[in-house]
Amino acid sequence: MATTMITTLDRSSRAAARGLSDMSIRNFFIIPTILFLIVFNIFPLIYSLGYSFTDFRASTNAPANFVGLQNYRELLNDPFVWNNFAITAKYVIVSVSGQLLVGFGVAMLLNREIPLKGLITTLLLLPMMLSMAVVGLFWKLLYDPSWGVINYFLGLGNFEWLADPKMALYAVALTDIWMWSPFVMLLSLAGLSAVPKHLYEAAAIDRAGPFYTFFRITLPLVAPILMIAVIFRTMEAFKTFDLAYILTSQPTTELISIRLYKMAFQEWQTGRSCALAYIVLIMVLAITNIYVKYLNKVKER
Amino acid sequence: MRKLVTSVLAGIGLTLACGTSVYAQEKSLTIFWAEWDPANYLQELGNEYEKETGVKITVETTPWSDFQTKAFTEFNAHGDAYDLVVGDSQWLGAGSTGGHYVDLTDFFKKHDLGNVMAPATVKYYAEYPGNSGKYWAIPLEGDAVGWSYRKDWFEDPKEKEAFKAKYGYDLDVPKDFKALRDIAEFFYRPDQKRYGIAIYTDNSYDAMAMGFENALFSYGGELGDYATYKVDGHINSDKAVAALDAYKELYKFTPPGWAKTFFVEDNQAITENLAAMSMNFFAFFPSLINPASNPNAKNTGFFANPAGPGGDQFAALGGQGISVISYSQKQEEAMKFLEWFIKDDTQKKWAALGGYTCSQAVLKSAEFQNATPYNKAFYETMFKVKDFWAVPEYAELLQQLNQRIYPYMIGGSGTAKETLDALAGDWNATFKKYGRVQ
């Protein structure tokens, strides 16, 4: 204990000699960071909460009038908004489950000795390193019915991926799956490599089949890390904006984030959009909490 | 001593820098507009102004998709980045009631602009509320939706013969919507990668509204009663329903992937040999007569929006007026520019550069009407145009129109009557929300 204190004091005095005492570090780094967070995160959050109870429109010079819960009441009774939530839910389910299946499947294939494994893994990670806008524009060309390569290779003729209102959402989800499956793959690979080898050896001695080994050893042990992937991807998918906006931007792909953007910055219904943002925030928090509780249960098993 | 000298020199430098900056600010004006050819013409006109007065004009542009958002973000912040804005006609309500535009009523009356400019442009680009005698902009770029077509396809003797055999009348520039539909159907040949018609279908801003209005107004329909804001019985009238059906019918004959198209794609339909006819704003036609941007320039013709079944012939209004932004620090300088802009000589130069002047005198002149293959059609169209709602809540009304019409047009869900009944309900609720109807 005494040694530790002396070492600490020595370090402090050495830092002080260089002009970087604990106090200086706090003053130069921690306080500005906290101030930054308060000014740019906490203050707008509270300020927008206040606006959500008003009829404020930023496009007018009229003052904000307090309207109580009217914005929340109207939004929760608005069939268009519920439709946006339904579209978002559909998108999240398709996109996240697709990423889970593809990402975990590829990880299973890579979790063995194969030639050029490192190079293949690196190449597979490339999609998630691209910007959303670039991916959106790139896939817009790929989906094009006249000159897109997807229809050409699949022999689909003039099939309209993005123009068909029934297909457009799946086309956006497919792009998202292409982009983010590598993320699930990466986490799954980490989980798979952490499964103790002796469990498989014991299963082999007991003549357990691959089906039994997968469902009784691999999946239960990788499940916690897969749950983390699901939490991250669900939150991300729930707030998807750019990909859907760039690719199609039609009513059947109008995710709740797009509705929020239009309400706030095209229709300038500022108070109402603040209320919608809070509804979305509460929903994301609720979904995340459910996941985290489930994750804890999985860990306890 | 050395420190003192350094401080003094720094002070002088700073003073000079500030002085230069102030001088530069006084002698320049920034005009905000969307990114398209007319903005380039306005910049050229601005260069003329700089030569004459020494005041530098900068036309700052942004893509159409961001135009409204960027402009209103700046207005809402009371920013002075722009001194003038060439704002869309439907912004008049929001711009004036929001306090973003300077009241130009006195300027308008002093220069008798109500008589100098074409009546439709005064009504739709400058006055708000309608018939109030209050003006917030000077008509700058007249525009409306018209049509281009492939003259070589239309004039081909074999095509003419085949068309006459099939439809019983001569293939010619369509005089009404029935002929427009027949010609679109006639040239729709997917196996040859040739299609009948290119129309607006984009639902991001006002493309779908403009396209549908072209049919609606010519079919004798209306968006609503502009004086009472009553929409039920107007936007869902029998004529409006027939118009929506007619517009949807045209969609059947468009090229593949034509579900989210606006001005760029509609010009491409002509330049890339895709369609026999293409809807577009007149402001986009200059590039169609330029062989550098249109290999079919020699074979491209133009016509005004055809009449509906009852003989009504109208078109959707585009175009913009120029307004002085109330947060500008250089309003006086901006007013001087407007005084120069409305002069007859300037209006002639504006038209010669490619801008669509709103000056009656220039529009009526043979020189203007014969200057391009489409100027005559433009002149005729500008006297029979109608516009979308210009109320402050226009963006919500536009969004509701897109939400209702797009699924019917592109997705085929429901019927035209159901679509327009629902739209009438949405609009009525919005007008109620803003206290325009009980």
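Residues numbered from 1 in each chain as written. Chains lettered and ligands numbered in written order. Predicted model: local features only at pLDDT ≥ 70, side-chain atom pairs only at ≥ 80, totals over all residues. Heavy atoms only, no water.

### With respect to the overall build of chain B
A tally of regular secondary structure across chain B gives 20 helices and eleven strands. For chain B, with 438 residues in total, the buried portion stands at 58%. Total accessible area on chain B stands at roughly 17,200 Å², and carbon and sulfur atoms take up 52% of it. A gap of 1 Å separates the mean positions of the 42 positive and 56 negative side-chain charges of chain B. (Helix = DSSP H or I, 4+ residues; strand = E, 2+ residues; numbered from the N terminus. Buried < 20%, exposed > 50% of the residue type's maximum accessible area, 1.4 Å probe, protein only. Areas by Shrake-Rupley, 256 points an atom, 1.4 Å probe, with all protein chains shown as cover. Lys, Arg positive; Asp, Glu negative; His and termini not counted. Charge placed at Lys NZ, Arg CZ, Asp CG, Glu CD.)

### Overview of the overall build of chain A
Counting secondary structure elements, chain A contains 13 helices and zero strands. Listed N to C, the secondary structure of chain A is α-α-α-α-α-α-α-α-α-α-α-α-α in terms of helices and strands. At 25 Å, chain A has a C-alpha radius of gyration far larger than the 19 Å of a compact globule built from 301 residues. A buried classification covers 40% of the 301 residues belonging to chain A. Here the analysis covers contacts within chain A between residues at least 6 apart in sequence; of these, 68% occur between residues at least 24 apart. Total accessible area on chain A stands at roughly 17,300 Å², and carbon and sulfur atoms take up 72% of it. Here chain A contributes 23 positive and 17 negative side-chain charges, whose respective centroids are spaced 6 Å apart. (Rg over C-alpha atoms; globule rule 2.2 N^0.38 Å. Contact = heavy atoms within 4.5 Å.)

### A closer look at the nonpolar core
The biggest cluster of nonpolar side chains holds 158 residues, and the ones touching the most others in it are B:Trp33, B:Met277 and B:Phe337. By size, the runner-up hydrophobic cluster in this structure holds 52 residues, among which are A:Leu192, A:Val222, A:Val230 and A:Leu276. (Core = buried A, V, L, I, M, F, W, Y, C linked by side-chain atoms within 4.5 Å.)

### Side note on the packing of aromatic side chains
Given two aromatic rings, their pairing is described by the distance between the two centres and the angle made by the two planes. According to the stated counting rule, one finds 72 aromatic pairs over all chains in the structure shown. When the centroid spacing of 5.4 Å and the interplanar angle of 70° are considered together, the rings of A:Tyr152 and A:Phe153 count as edge-to-face. Of the two residues, A:Tyr152 and A:Phe153, both sit in the exposed class. Between B:Tyr49 and B:Phe337, the aromatic rings sit 5.0 Å apart at their centres with planes inclined by 85°, giving edge-to-face as the arrangement. Here B:Tyr49 is found in helix α2 (residues 37-53), whereas its partner B:Phe337 is found in helix α14 (residues 331-341), with 288 residues between them in sequence. Its end group placed over the ring of B:Tyr408, B:Lys248 keeps NZ or CZ at 5.1 Å from the ring centre. (Phe/Tyr/Trp six-rings, centres within 6.5 Å; stacked < 30°, edge-to-face > 60°. Lys NZ or Arg CZ within 6 Å of the ring centre and 35° of its normal.)

### Regarding the confidence of the model for chain A
Should pLDDT be low for a region, the predicted coordinates there are not to be read in detail. When pLDDT is averaged along chain A, the result is 89, and 93% of the positions lie at 70 or above. Note that residues 1-6 of chain A has pLDDT below 50 and, in this model, zero contacts with residues that lie over four places away or in other chains. (pLDDT = per-residue confidence, 0-100.)

### A short note on helix α12 (residues 238-251) of chain B
Here α12(B) spans 20 Å end to end across 14 residues, near enough to the 20 Å set by a 1.5 Å rise per residue. Tucked into the core, α12(B) has its buried residues touching α10 (177-186), β6 (195-198), α11 (207-218), β7 (275-281), α19 (394-409) and α20 (416-433) of chain B. (Expected span 1.5 Å × (residues − 1).)

### Focus: the confidence of the model for chain B
Residue and element names in this part refer to chain B. Per-residue pLDDT for chain B averages 92, and the proportion of residues at 70 or more is 94%. Overall, residues 18-25 carries pLDDT values under 50, and its contacts beyond four positions in sequence, including any with other chains, amount to one contact. At the level of chain-chain contacts, confidence expressed as ipTM amounts to 0.76, with global pTM at 0.82.

### Side note on unusual backbone geometry
Residues and elements named next belong to chain B. Looking along the chain, the bond that leaves Tyr128 and enters Pro129 is cis, with omega of -10°. Along the polypeptide, Pro129 turns up in the loop between α7 (119-125) and β4 (138-141). Backbone geometry places Asn273, a non-glycine residue, at a positive phi of 60°. Judged by its relative accessible area of 36%, Asn273 is partly exposed.

### Some thoughts on the packing of helix α2 (residues 22-51) of chain A against helix α13 (residues 270-300) of chain A
All names here are of chain A. Direction vectors running N to C along α2 and α13 enclose 120°, while the axes themselves pass 8 Å from each other. Considering their axes alone, α2 and α13 lie oblique with respect to each other. Of the two elements, α2 crosses α13, and the hand of that crossing is left-handed. Judged by residue contacts, Leu45, Ile46, Ser48, Leu49 and Tyr51 of α2 engage Gly271, Cys274 and Tyr278 from α13. For the contact of α2 with α13, the residue count by class is six nonpolar, two polar and no charged. (Axes fitted to C-alpha atoms, helices over the stretch in contact; angles between N-to-C directions. Parallel < 35°, antiparallel > 145°, perpendicular 65-115°, else oblique. Left-handed = near helix turned anticlockwise from the far one by under 90°. Nonpolar A, V, L, I, M, F, W, Y, C, P; charged D, E, K, R; others polar.)

### Digging into the interface of chain B and chain A
How big an interface is tends to be stated in terms of the accessible area lost upon association of its parts. The partner chain A presents 27 residues to the 35 residues of chain B that form the contact. Across the chain B to chain A interface the summed buried area is about 2,400 Å²; carbon plus sulfur atoms make up 47%. Per-residue buried area on chain B facing chain A is highest for B:Pro256, B:Gln399 and B:Gln403; these three make up 20% of the total on that side. Counting across the chain B and chain A interface gives one salt bridge. Within the residue set of the side of chain B that touches chain A, elements represented by two or more residues are α3 (64-76), α19 and α20 of chain B. Among the elements that line the side of chain B that touches chain A, the one with the most residues is α19(B), at eight residues. Counted by class, the side of chain B that touches chain A contains 14 nonpolar, 15 polar and six charged residues. (Buried area = accessible area lost by both parts, 1.4 Å probe. Salt bridge = Lys/Arg side-chain N within 4 Å of Asp/Glu carboxyl O.)

### Quick look at the pairing of strand β5 (residues 145-150) of chain B
All names here are of chain B. Burial runs high along β5: six of the six residues are buried. Both faces of β5 are covered, namely the face carrying Val145, Trp147 and Tyr149 and the face carrying Gly146, Ser148 and Arg150. The sheet contact formed by β5 and β7 spans five bridges and is antiparallel. Paired with Ser148 across the strands is Ser278, a residue of β7. Of the pairings in the sheet, the one linking β5 to strand β8 (residues 300-303) comprises four bridges and is antiparallel in character. (Pairing = 2+ DSSP bridges.)

### Focus: the sheet that holds β8(B)
The strands that make up a sheet are held in pairs by hydrogen bonds between backbone atoms, and each pair lies either parallel or antiparallel. Residue and element names in this part refer to chain B. With mixed pairing, four strands are arranged side by side in an open sheet as β6-β7-β5-β8. The outermost strands of the open sheet, each flanked by one partner alone, are β6 and β8. Between one strand axis and the next, the sheet turns by 20° as a mean value, whatever way the strands run.

### Some points on the sheet that holds strand β2 (residues 56-62) of chain B
Residues and elements named next belong to chain B. Taken in spatial order, the five strands line up as β2-β1-β3-β10-β4 in an open sheet, and their pairing is mixed. Two strands lie at the open edges of the sheet, namely β2 and β4, each paired on one side alone. When the angles between neighbouring strand axes are averaged without regard to direction, this sheet yields 30°. Inspection of the sheet shows β4 paired to strand β10 (residues 320-324) by three bridges, in the antiparallel sense. Its bridge partner being in β10, Glu141 is matched across the sheet by Gln320. Across the sheet, α2 lies against β1 (28-34), β2, β3 (84-88) and β4, angled at about 170° from β2, the strand it touches most. Helix-sheet contacts for α14 involve β1, β2, β3, β4 and β10, and the interaxial angle to β10 is about 145°.

### Observations regarding the pattern of salt bridges
Residue and element names in this part refer to chain A. For the structure on display, the rule yields 30 salt bridges over all chains. The shortest N-O distance in the salt bridge between Asp176 and Arg233 comes to 3.6 Å. In this pair, Asp176 is assigned in helix α8 (residues 168-193) and Arg233 in helix α10 (residues 210-238), connecting sequence segments 57 residues apart. For Asp176, a relative accessible area of 0% gives the class buried.

### Let's talk about the pairing of β2(B)
Residues and elements named next belong to chain B. Taken together, the seven bridges between β1 and β2 define a ladder with parallel strand orientation. When the sheet's bridge partners are listed, Leu29 is paired in β2 with Ile57. Once you follow β1 into α2 and on to β2, the crossover reads as right-handed. (Right-handed = clockwise from strand over helix to strand, strands pointing away.)

### Structural notes on the environment of A:Ala264
Residue and element names in this part refer to chain A. Residue placement: Ala264 occurs in helix α12 (residues 256-265). When the C-alpha positions of Ala264 and Ala277 are compared, they lie 9.7 Å apart, and in sequence the two are 13 residues distant. Those residues in contact with Ala264 that sit more than four places away from it in its chain are Gln269 and Ser273.

### So, the environment of A:Ile34
Residues and elements named next belong to chain A. Summarising the element assignment, Ile34 is placed in helix α2. Under the relative-accessibility criterion, Ile34 is labelled partly exposed at 44%. For Ile34 and Gly50, which are 16 residues apart along the polypeptide, the C-alpha to C-alpha distance reads 22 Å.

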